[in-house]
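# Coordinate analysis (summary)
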Amino acid sequence: MTQADRARTAVTAMLAHPEGTRRPTPSVKAARAALRSLGVLSREARRIEGNPAARDMVAIAVSDALTDAFHLGRTYALSPQDLEQLHIARLSGRPFPDWTNGRTQALACHVGNLRHMARAYGLCEDQLFDGAEQIYKHEIA
């Protein structure tokens, strides 16, 4: 499964969650559902690792999912900065720009939900976003 395929699977799971595209506040629950569709952060995986490792598991899972999202964004002609700007539009309550469509909006919501999940676990969402962007750039080079 390619990075873009993993992101598509996660976005599909996020869209199936009732809070997946909630505005203006992203949803940690929808992010968790998206990651579970990939087999990460399942209850069993968290139980095996134990609570002290939960934060580390989230950091790795969010970073990997953001990197996958950037790969999918590339197939939609979206850069990581475009996705960040769409996330900011969502947070502000403004409508998405006219040039977006349902797929790009859903991907932006997925990125926002992942960022919100990182913050909920006490992680620096900007640091994870920037790190994932660097991994993405390395992978496409």
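Below or above, wherever it landed, is the structure these notes cover. Computed from a predicted model, the values in this text were never measured in an experiment. (Residues numbered from 1 in each chain as written. Predicted model: local features only at pLDDT ≥ 70, side-chain atom pairs only at ≥ 80, totals over all residues. Heavy atoms only, no water.)

Core analysis: the biggest nonpolar cluster contains 39 residues, and V62, L66 and M117 have the highest contact counts within it. Of all the elements in the fold, those that place two or more residues in this core are helix 1 (3–16), helix 2 (28–36), helix 4 (54–75), helix 5 (80–92), helix 6 (102–120) and helix 7 (125–140). At 10 residues, helix 4 tops the list of elements feeding residues into this core. Apart from residues no more than four positions distant in its own chain, M117 is found in contact with V28, A31, R32, L35, L41, V58 and V62. (Core = buried A, V, L, I, M, F, W, Y, C linked by side-chain atoms within 4.5 Å. Buried < 20%, exposed > 50% of the residue type's maximum accessible area, 1.4 Å probe, protein only. Helix = DSSP H or I, 4+ residues; strand = E, 2+ residues; numbered from the N terminus. Contact = heavy atoms within 4.5 Å.)

With that settled, consider the pattern of salt bridges. Counted by the stated rule, this structure contains 8 salt bridges. Note that E125 and R119 form a salt bridge whose closest N and O atoms lie 2.5 Å from each other. On the basis of relative accessibility, which here comes to 39%, the residue R119 falls in the partly exposed class. Linking K137 and E133 is a salt bridge whose minimum nitrogen-to-oxygen distance equals 3.3 Å. A residue pair is termed a helical-turn pair when its members lie 3 or 4 positions apart in one helix, as K137 and E133 do in helix 7 at 4 residues. A residue is classified by how much of its surface remains accessible, and K137, at 41% relative accessible area, is partly exposed. Residues joined in a network through salt bridges with shared partners are E84, R115, R119, E125 and D126. (Salt bridge = Lys/Arg side-chain N within 4 Å of Asp/Glu carboxyl O.)

As enumerated under the stated definition, the model contains 2 aromatic pairs in all. Look at F70 and F129: their rings are 5.1 Å apart centre to centre, the planes differ by 75 degrees, and that puts the pair in the edge-to-face class. One end of the pair, F70, is in helix 4; the other, F129, is in helix 7, with 59 residues separating them in the sequence. In this pair, the class of F70 matches that of F129, namely buried. Ring geometry for F70 versus Y136: centroids 5.9 Å apart, planes at 65 degrees, classification edge-to-face. Taken together, the residues F70 in helix 4 and Y136 in helix 7 connect sequence positions 66 residues apart. Overall, F70 belongs to the buried group, its relative accessible area being 1%. One Lys or Arg, R23, reaches over the ring of F96 and ends 4.5 Å from the middle of that ring. The ring of F129 has R115 sitting right over it, with the charged end atom 4.8 Å from the ring centre. (Phe/Tyr/Trp six-rings, centres within 6.5 Å; stacked < 30°, edge-to-face > 60°. Lys NZ or Arg CZ within 6 Å of the ring centre and 35° of its normal.)

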